[in-house]
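# Inside the fold
Residues per chain are reported as follows:
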Amino acid sequence: QKEVEQNSGPLSVPEGAIASLNCTYSDRGSQSFFWYRQYSGKSPELIMSIYSNGDKEDGRFTAQLNKASQYVSLLIRDSQPSDSATYLCAVNQGGKLIFGQGTELSVKP
Amino acid sequence: GAVVSQHPSWVICKSGTSVKIECRSLDFQATTMFWYRQFPKQSLMLMATSNEGSKATYEQGVEKDKFLINHASLTLSTLTVTSAHPEDSSFYICSATPPRGDAYEQYFGPGTRLTVT
């Protein structure tokens, strides 16, 4: 079992729709969770961090964490073509980030 | 804030030569920096944790004699790929955590694309 798992996609949504990205992790002791966006050929950009169960909202982005289910998700509302990228889920384990394989999102105009 | 730079952004070298990549934190001091490698269509793999003033901590399977890391100051870490081979061609990315804010957020440099011919 991989430490951090994501659906690789591609996930295709129409412009204006809600994109839902999911991630599960294996280490029940993990406390810090992050979502990064990576455009093709570029390095990752931090878009959300979440530490407590529940929802955390920042603009069009909402991160959701359920530690009991070892599940973290990212919702992107009003998706735009510029949101098309690979989204990486990362979990802090012992001060190091463990990344999922990423979900490729394509937002169609 | 939390800006990390890398130099060069891309480099082409011949097999058997060495290449040095620099990672700088521009607006904060970083006692710890991280080096990752990313192959096409794959996720980021942590290579090593660079600690200012001490030896780097390498991940399992990463050759410490091949990938030399020096963290000589609080704003600069370098990765030297020694005796590079074509299989070392990859996207190398560093990251750092600023001392303010969340303790575990990592901010990435723009990456260095290495091609070994």
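Here's what I pulled together on the structure shown here. (Residues numbered from 1 in each chain as written. Chains lettered and ligands numbered in written order. Predicted model: local features only at pLDDT ≥ 70, side-chain atom pairs only at ≥ 80, totals over all residues. Heavy atoms only, no water.)

### Side note on the pairing of strand β9 (residues 90-96) of chain B
All names here are of chain B. Stated formally: Note on exposure labels: buried denotes an accessible area under 20% of the residue type's maximum, exposed denotes more than 50%, and partly exposed covers the range between, all computed with a 1.4 Å probe on protein chains only. Strands here are runs of E lasting at least two residues and helices are runs of H or I lasting at least four, both read from the DSSP assignment and numbered beginning at the N terminus. The rule for pairing is simple: two strands pair if DSSP sees at least two bridges between them.
Within β9, seven of the seven residues are buried, leaving the element largely enclosed by the surrounding structure. The alternating pattern of β9 places S90, Y92, C94 and A96 and F91, I93 and S95 on opposite faces, both of which are buried. As paired elements, β9 and strand β11 (residues 112-116) share three bridges and run antiparallel to each other. Within β11, the position partnered with Y92 by the bridge is T112. Bridge count between β9 and strand β10 (residues 107-108): two bridges; the pairing is antiparallel.

### A word on the sheet that holds strand β3 (residues 19-25) of chain B
All names here are of chain B. Applicable threshold: Angles here are taken between N-to-C directions and fall from 0 to 180 degrees, while the axes themselves are lines fitted to C-alpha atoms, restricted in helices to the stretch in contact.
The strand order across the open sheet formed by four strands is β1-β3-β8-β7, and the pairing between neighbours is antiparallel. Of all strands in the sheet, those bounded by a partner on one side alone are β1 (4-7) and β7 (67-73). Sheet twist, expressed as the average angle between the axes of neighbouring strands with direction ignored, equals 20 degrees. Taken together, the four bridges between β1 and β3 define a ladder with antiparallel strand orientation. Within the sheet, the bridge partner assigned to Q6 lies in β3 and is C23.

### Focus: the nonpolar core
Selection rule: To qualify as a nonpolar core, a set must consist of buried Ala, Val, Leu, Ile, Met, Phe, Trp, Tyr and Cys residues joined through side-chain atoms within 4.5 Å. By definition, residues are in contact when any of their heavy atoms lie within 4.5 Å.
Within the largest apolar cluster, 25 residues are counted, with the highest numbers of intra-cluster contacts made by B:W35, B:F67, B:L79, B:Y92 and B:L114. Contributions of two or more residues to this core are made by β2 (10-13), β3, β4 (32-38), β5 (45-51), β7, β8 (76-81), β9 and β11 of chain B. Leave out the neighbours within four places in its chain, and B:Y92 touches B:Q6, B:I21, B:Y36, B:R37, B:M47, B:F67, B:L79, B:G111, B:T112 and B:L114. Counting residues in each nonpolar core, the second largest holds 23 residues, with A:F33, A:A63, A:L65 and A:V107 among its members.

### Details of the sheet that holds strand β8 (residues 71-76) of chain A
Residue and element names in this part refer to chain A. Taken in spatial order, the five strands line up as β1-β3-β8-β7-β6 in an open sheet, and their pairing is antiparallel. Two strands in the sheet have a free side with no partner beyond their single neighbour: β1 (4-6) and β6 (54-58). Each strand of the sheet is rotated relative to its neighbour by a mean of 20 degrees, with strand direction disregarded. Relative to strand β7 (residues 61-66), β6 runs antiparallel, the two being bridged by five bridges. Across the sheet, K56 pairs through a bridge with A63, a residue of β7.

### Side note on the interface of chain B and chain A
Using the following cut-off: Summed over both partners, the accessible area (1.4 Å probe) lost when two parts come together is defined as the buried area. Each salt bridge in this description consists of a side-chain nitrogen of Lys or Arg and a carboxyl oxygen of Asp or Glu lying within 4 Å of one another. Any N or O atom pair separated by 3.5 Å or less is treated as a polar contact, with the protein-specific requirement of one donor-capable and one acceptor-capable atom, and with residues adjacent in sequence counted only for side-chain atom pairs. Each residue is assigned to one of three groups, with Ala, Val, Leu, Ile, Met, Phe, Trp, Tyr, Cys and Pro labelled nonpolar, Asp, Glu, Lys and Arg labelled charged, and all others, Gly among them, labelled polar.
With 20 residues of chain B in contact, the opposing surface of chain A contributes 19 residues. When chain B packs against chain A, the two sides together hide about 1400 Å² of surface, and 56% of this comes from carbon and sulfur. Contact with chain A buries area across many residues of chain B, yet B:S43, B:Y104 and B:F108 alone supply 34% of it, more than any other trio. Connecting chain B to chain A are one salt bridge. The residue B:E59 makes a salt bridge to A:K96 at a minimum N-O spacing of 3.0 Å. The interface formed by chain B and chain A contains six residue pairs in polar contact (both at pLDDT 80 or more). If you list the elements that add at least two residues to the side of chain B that touches chain A, you get β4, β5, β9 and β10 of chain B. Of all the elements, β4(B) adds the most residues to the side of chain B that touches chain A, at three residues. A per-class count over the side of chain B that touches chain A returns 10 nonpolar, six polar and four charged.

### Structural notes on the packing of aromatic side chains
What counts is decided by this rule: In summary, the pairing rule links any two rings of Phe, Tyr or Trp, Trp by its six-membered ring, whose centres are within 6.5 Å, and it sorts them by plane angle into stacked for under 30 degrees, edge-to-face for over 60 and tilted for everything else. Note on geometry: a ring has a charge over it if NZ (lysine) or CZ (arginine) is within 6 Å of the ring centre and within 35 degrees of the ring normal.
What the rule picks out here adds up to eight aromatic pairs over all chains. When the centroid spacing of 4.7 Å and the interplanar angle of 45 degrees are considered together, the rings of A:Y25 and A:F33 count as tilted. Note on A:F33: relative accessible area 0%, which makes it buried. Consider the rings of B:F67 and B:Y92, whose centres lie 6.4 Å apart with planes at 40 degrees: the pair is tilted. Separated by 25 residues along the polypeptide, B:F67 in strand β7 and B:Y92 in strand β9 bring together distant segments of the chain. When the ring centre of A:F61 is taken as reference, the NZ or CZ atom of A:R60 above it lies at 5.6 Å. Above the plane of the ring of B:F91 lies B:R113, whose end atom (NZ or CZ) is 4.2 Å from the centre.

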